[in-house]
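Architecture at a glance
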Amino acid sequence: MTEREFALDVVRKLHRAGFTALWAGGCVRDELLGLVPADYDVATNAEPKQLPPLFKRRNEIGAHFGVVQVIGPRGDDGEWLTVEVATFRIDGPYDPSGRTPDWVKFCSPEEDAKRRDFTINGMFIDPLNNDLIDYVGGRADLDAKILRAIGNPTERFAEDKLRILRAVRMAARFDLTIDPETLAAAKRMAAEIRIVSAERIAEELRKMFAHPNRARGVRLLREFDLIEPILPELAQIGTLWDHTIRMVEALGQVVSFPLAFAAVLHSLDKETVEAIADRLRLSTVEKTRVAWLVEKQHCLVDAQTMRASKLYPILVHSGIDELLSLHRADALTSGKSLAHVEFCEKVLRETPRDVLNPVPAVTGDDLIALGMKPGKDFKRLLDAVREAQLEGRVKEKEQGLELVRQLCSAALPALEKPSE
Ligand code: ATP
Ligand code: MG
């Protein structure tokens, strides 16, 4: 079963029980555009407390705000299918950073449509008969490719400043022109985005940068004066801005958020990138990857002449595909040759895994068995053996141990000798 089929089932069940149930918001927009929605949201006049008899498995964390996640069977990919079932509602003011509303009140479908952010996001569809229910003129705006706030843009952005950033993301993603009043209000209020929590901002950036239209997103961020409040470090890069945009454009269609973000931040140093990641509360995995990509963005330009002991450890890193994409984008943007990227790809294709990343010939335990005491020389010896192994000079443990003995008897200043 697909998520769409499950979302249809949920609507059917609610109907049979006598409730109104509609698909709502982003999934309606995506269906009208012929795109596959990321998720389906069901809006209904059923209240959370009326759902248990209809749906056995639920996550009720949001029930207080009228939102229940209904859990279905496993989908084709083995993941549980889920659909959000939300009671038609309006919500009161959000706390300044915007995580939870002070209150929600159940209401009519029309009022629910009008609390949403943009007209293209404010439609319902009855999936059982394909009836579009459009209280906000979303269909006309979608056809004309216009992004327009529902109601008074200044008021709507004042209620929740994240909508300013959402405007950029939506306009970039769907290639929309922004209605002049919506645009003027967003620009005027851009600096107020600072009040929004880092988590909510990061979530919008994730979606914006992971999308193929990310370059337009980055351009719009600047046009909207959102760079200064969100990524002030980039406000200082001056003439590197154009190069940054071209880098972002030169990435492929399908790229991860860390790769895209690394391209956006590539003119900054690693420490600055880490500070940005911390400020945006990215996950450790995201932060580490973005910082590694920025740090290593040029490290493969001399791949053809690099020693295996330098090259192979990079090639076996879990981020290598992203790193090669970044090198490729850099080469394309700067009019440089792609030879180094193609060389790395060839090495990766043609070199067996146990050559690129062999099991260590010598370990710390082997050194202890030689009678050595763990200390700082351990690492130097093990690194030396590893290097020799990757260069093909050491293939087996005995050769590795022989090297250790040589290094020690060569009386490297701080090395202690193994006891024979
Ligand atoms: P995506 O496909 O990227 O998930 P989406 O439009 O579904 O886009 P969501 O963040 O999933 O975006 O939100 C679902 C719906 O909830 C939106 O389509 C919109 O109707 C409404 N919505 C979301 N965030 C806001 C907001 N900050 N203010 C008002 N309405 C919002
Ligand atoms: Mg969504």
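The structure under discussion appears in the preceding block.
Now for a quick tour of the structure. (Residues numbered from 1 in each chain as written. Chains lettered and ligands numbered in written order. Predicted model: local features only at pLDDT ≥ 70, side-chain atom pairs only at ≥ 80, totals over all residues. Heavy atoms only, no water.)

To continue, consider the overall build of the protein chain. From N to C terminus, the protein chain includes 21 helices and 11 strands. Computed over its C-alpha atoms, the radius of gyration of the protein chain comes to 28 Å, more than 25% above the 22 Å expected for a compact globule of 420 residues. Seen through its principal axes, the protein chain has C-alpha atoms that stretch 85 × 55 × 40 Å. Split into buried and exposed, the 420 residues of the protein chain put 48% on the buried side. Contacts in the protein chain between residues far apart in sequence, at least 24 positions, make up 65% of those at least 6 positions apart. (Helix = DSSP H or I, 4+ residues; strand = E, 2+ residues; numbered from the N terminus. Rg over C-alpha atoms; globule rule 2.2 N^0.38 Å. Buried < 20%, exposed > 50% of the residue type's maximum accessible area, 1.4 Å probe, protein only. Contact = heavy atoms within 4.5 Å.)

Okay, the packing of aromatic side chains next. All told, the structure shown has 6 aromatic pairs when counted by the stated rule. Ring plane angle 55 degrees and centroid distance 4.7 Å describe the contact between W23 and Y40, whose orientation is recorded as tilted. Here Y40 lies in the loop between α2 (26–32) and β2 (41–44) and W23 lies in strand β1 (residues 21–24), a separation of 17 residues in the sequence. Across the pair, exposure class does not vary: W23 and Y40 are buried alike. Measuring from centroid to centroid gives 6.5 Å for F209 and F257, while their planes differ by 5 degrees, and the two rings are stacked. Placement of F209 in helix α8 (residues 198–210) and of F257 in helix α12 (residues 257–264) is noted, with a sequence separation of 48 residues between them. On the basis of relative accessible area, F209 is assigned to the buried category, the value being 0%. These aromatic residues form a ring-pair network of at least three members: F209, F257 and F261. In this structure, R57 packs its charged tip against the face of W80, placed 4.5 Å from the ring centre. (Phe/Tyr/Trp six-rings, centres within 6.5 Å; stacked < 30°, edge-to-face > 60°. Lys NZ or Arg CZ within 6 Å of the ring centre and 35° of its normal.)

Adjacent strands of a sheet pair through backbone hydrogen bonds, lying either parallel or antiparallel. Within the open sheet, the 7 strands sit side by side as β3-β4-β5-β2-β1-β8-β9. Their pairing is mixed. A strand with exactly one partner marks an edge of an open sheet, and here the two such strands are β3 (58–59) and β9 (131–133). Bridging between β3 and strand β4 (residues 67–74) involves 2 bridges; their strand directions are antiparallel. From the neighbouring strand, N59 faces β4, where its bridge partner is Q69. Its contacts with the sheet put helix α1 (residues 3–16) on β1, β2, β4, β5 (80–87) and β8 (124–126), and the angle it makes with β5 is roughly 40 degrees. (Pairing = 2+ DSSP bridges. Axes fitted to C-alpha atoms, helices over the stretch in contact; angles between N-to-C directions.)

Let us now look at the environment of K379. Its place among the elements puts K379 in helix α20 (residues 376–390). Separated by 15 residues in the primary sequence, K379 and G364 place their C-alpha atoms 8.4 Å from one another. For K379, the side chain forms a polar contact with the side chain of D383, separated by 2.7 Å. (Polar contact = N/O pair within 3.5 Å; in protein donor to acceptor, adjacent residues only side chain to side chain.)

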